[in-house]
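Report on the structure
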Amino acid sequence: MTDVVVSPAAAEMAAAGFSRVALGVEYKGSRYRGWQRQASGVSSVQQVLEEALSKVAASPVSVICAGRTDAGVHASGQVVHFDTQVQRPLNAWVMGANANLPHDVSVTWAQLMPAHFHARFKAVARRYRYVIYNDLIRPAHMGQEVTWNHRPLGVQRMHDASRCLLGTHDFSAFRATQCQAKSPIKHIHHLHVIPHGKLIVLDIRATAFLHHMVRNIAGVLMTIGADEQPVGWAEAVLNGRDRREGGVTAHPYGLYLVQVEYPEEFVLPERYLGPHFLSGLPDCSADVQ
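Cut-offs applied
Residues numbered from 1 in each chain as written. Predicted model: local features only at pLDDT ≥ 70, side-chain atom pairs only at ≥ 80, totals over all residues. Heavy atoms only, no water. Helix = DSSP H or I, 4+ residues; strand = E, 2+ residues; numbered from the N terminus. pLDDT = per-residue confidence, 0-100. Contact = heavy atoms within 4.5 Å. Axes fitted to C-alpha atoms, helices over the stretch in contact; angles between N-to-C directions. Parallel < 35°, antiparallel > 145°, perpendicular 65-115°, else oblique. Left-handed = near helix turned anticlockwise from the far one by under 90°. Nonpolar A, V, L, I, M, F, W, Y, C, P; charged D, E, K, R; others polar. UniProt positions renumbered as here; feature names shortened; annotations may be inferred. Buried < 20%, exposed > 50% of the residue type's maximum accessible area, 1.4 Å probe, protein only. Arc of directions from axis to C-beta. Disulfide = S-S within 2.5 Å. Core = buried A, V, L, I, M, F, W, Y, C linked by side-chain atoms within 4.5 Å. Salt bridge = Lys/Arg side-chain N within 4 Å of Asp/Glu carboxyl O.

A word on the environment of Ala 115
Assignment of secondary structure puts Ala 115 in the loop between strand E4 (105–113) and strand E5 (125–134). In sequence terms Ala 115 and Val 21 are 94 residues apart; their C-alpha atoms lie 9.5 Å from each other.

Quick notes on the confidence of the model for the protein
Scored by pLDDT, the protein has a mean of 91; 92% of the residues are at 70 or more. Here helix H1 (residues 8–15) stands out as the least confident element of the protein, with mean pLDDT 58; helix H4 (residues 155–162) is the most confident, with 98. The low-confidence segment residues 1–5, where pLDDT is below 50, has eight contacts with residues more than four positions distant or belonging to other chains.

Looking at the packing of helix H2 (residues 45–57) against helix H3 (residues 90–100)
Close contact between H2 and H3 brings their axes to 8 Å; oriented N to C, the two are set at 120°. It follows from the interaxial angle that H2 and H3 lie oblique. Here H2 runs over H3; the crossing is right-handed. Residues Ala 52, Leu 53, Lys 55, Val 56 and Ala 57 of H2 touch H3, and the partners they reach there are Ala 92, Trp 93, Gly 96, Ala 97 and Asn 100. The residue makeup of the contact of H2 with H3, split by class, is seven nonpolar, two polar and one charged.

Details of the UniProt feature "domain: Pseudouridine synthase I TruA alpha/beta" (unreviewed entry) in the protein
The positions that UniProt labels "domain: Pseudouridine synthase I TruA alpha/beta" (unreviewed entry) are, in the present scheme, residues 26–121 and 162–263. Structurally, residues 26–121 is divided into 25% helix and 25% strand, and its ends, taken at the C-alpha atoms, are 20 Å apart. A distance of 28 Å separates the end C-alpha atoms of residues 162–263, which is 22% helix and 30% strand.

Some points on helix H6 (residues 233–240)
Regarding H6, the residues found buried are Trp 233, Ala 234, Val 237 and Leu 238. Along the long axis of H6, the arc covered by the buried residues comes to 140°, so they all point the same way. Taken together, the buried residues of H6 touch H4, strand E7 (167–170) and helix H5 (213–225). Looking one or two residues past H6, Arg 241 carries a phi angle of roughly 55°, positive in sign.

Thoughts on the state of the cysteines
By definition, a disulfide links the sulfur atoms of two cysteines through a covalent bond. According to the stated counting rule, one finds zero disulfides in the structure shown. We note that Cys 65 lacks a disulfide partner, and the nearest cysteine sulfur, in Cys 179, lies 15 Å from it. Taking relative accessible area as the criterion, Cys 65 reaches 7% and is therefore assigned buried.

A look at the UniProt feature "active site" (unreviewed entry) in the protein
In this numbering, the UniProt entry assigns the feature "active site" (unreviewed entry) to Asp 70. Topologically, Asp 70 is positioned in the loop between strand E2 (64–65) and strand E3 (74–84).

Some words on the packing of H4 against H5
Where H4 contacts H5, the two axes come as close as 8 Å, and the packing angle between them is 135°. By the angle between their axes, H4 is oblique relative to H5. When the axes of H4 and H5 are compared, the crossing they make is right-handed. On the side of H4, the interface is formed by Arg 157, Met 158, Ala 161 and Ser 162, while H5 contributes Leu 221, Met 222, Ile 224 and Gly 225.

What to know about the nonpolar core
Leu 23, Trp 93, Phe 174, Ile 188 and Tyr 262 are the most contacted members of the largest nonpolar core, which has 79 residues in total. Here the element with the most residues in this core is H5; it accounts for eight residues. Contacts of Leu 23, omitting those with residues within four sequence positions, involve Leu 53, Gln 78, Val 79, Val 80, Phe 82, Trp 93, Val 107, Trp 109 and Ala 110. Judged by nonpolar contacts, the second largest core, of 11 residues, contains Val 131, Val 258, Leu 273 and Leu 281.

Remarks on the pattern of salt bridges
Evaluated as defined, the whole model comprises 14 salt bridges. The closest approach of N and O atoms between Arg 271 and Glu 26, which form a salt bridge, is 3.6 Å. Of the two residues, Arg 271 is situated in the segment after strand E10 (255–261) and Glu 26 in strand E1 (residues 19–27); the sequence distance between them amounts to 245 residues. A relative accessible area of 41% means that Arg 271 is categorised as partly exposed. Assessed through its relative accessible area of 13%, Glu 26 is described here as buried.

What to know about the environment of Leu 112
Tracing the sequence through the fold places Leu 112 in strand E4. In the structure, Leu 112 is positioned 40 residues away from Pro 152 in sequence and 48 Å away in space, judged by C-alpha atoms.

Remarks on the environment of Leu 53
For Leu 53, the position within the fold is in helix H2. Between the C-alpha atoms of Leu 53 and Trp 93, which are 40 residues apart in sequence, the distance is 7.1 Å. Leu 53 has contacts with Leu 23, Val 61, Val 63, Phe 82, Trp 93 and Ala 97, leaving out every residue within four places of it along the chain.

A look at unusual backbone geometry
With an omega of -5°, the peptide bond running from Gly 274 to Pro 275 counts as cis. Counting through the fold element by element, Pro 275 comes out in the segment after E10. Positioned with a positive phi, His 212 is a non-glycine residue whose angle comes to about 70°. Tracing the backbone shows His 212 in the loop between strand E9 (199–206) and H5. A positive phi angle is found at Asp 227, which is not glycine, with a value near 65°. Position of Asp 227 among the secondary structure elements: in the loop between H5 and H6.

Dropping the structure here:
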């Protein structure tokens, strides 16, 4: 891995005695109680990442992420940043962190950023993939990396039902009761239902997401795909703005944060969308609203 060219803004920060470093992170969330460090001391992705980076820095490191994922949720495109007065080559942050991380968390890249970069607040879009294994028999492999659904699912029905969710809406019916977002109004840029062998992938890109929003959308679409509700039910749930009418929240296992987008001034390294086993999946870009 080669170090990237340092921007003038990053150079100014270094001259002032500290650096802002952004990292790409991927992880399997099955063993963790979510991204966020827990006061109770239970294992979280943030905790193990901060511990690994602190060893590289030989001083405490605290990171801020682009999106706090729930217990059991995975990521192939998480972005974090941290500030440090310690000078290390960029590849040292990557390789040093990985040497101290458990097998299910990896740092994929590191880059120096200007002081006004913020992994969470500068993000302009986030993209998730929800992976459904649709077969009568439960899979022996990847049991906590996909959501198994034994009911035959109609992809076309799921696609047709999803059309009403595109654009800007009040997604109150798709937010968890404990959601802390100030507003339920969100904008979905695209929502694709993609068959891939025995897998069905929901690919969703939005400005931001409410707590459990993708899992609740997945639950509604799977119910419609199984022909247990009509296609129009998705729109009725949306317009009703009542979470109690939206069915069961889908399992976290199949959910992946695959991409975080930033303004063009922040040129971050690009990687595959993930997860790994979806190599060859079409990267649809239609349905932009």
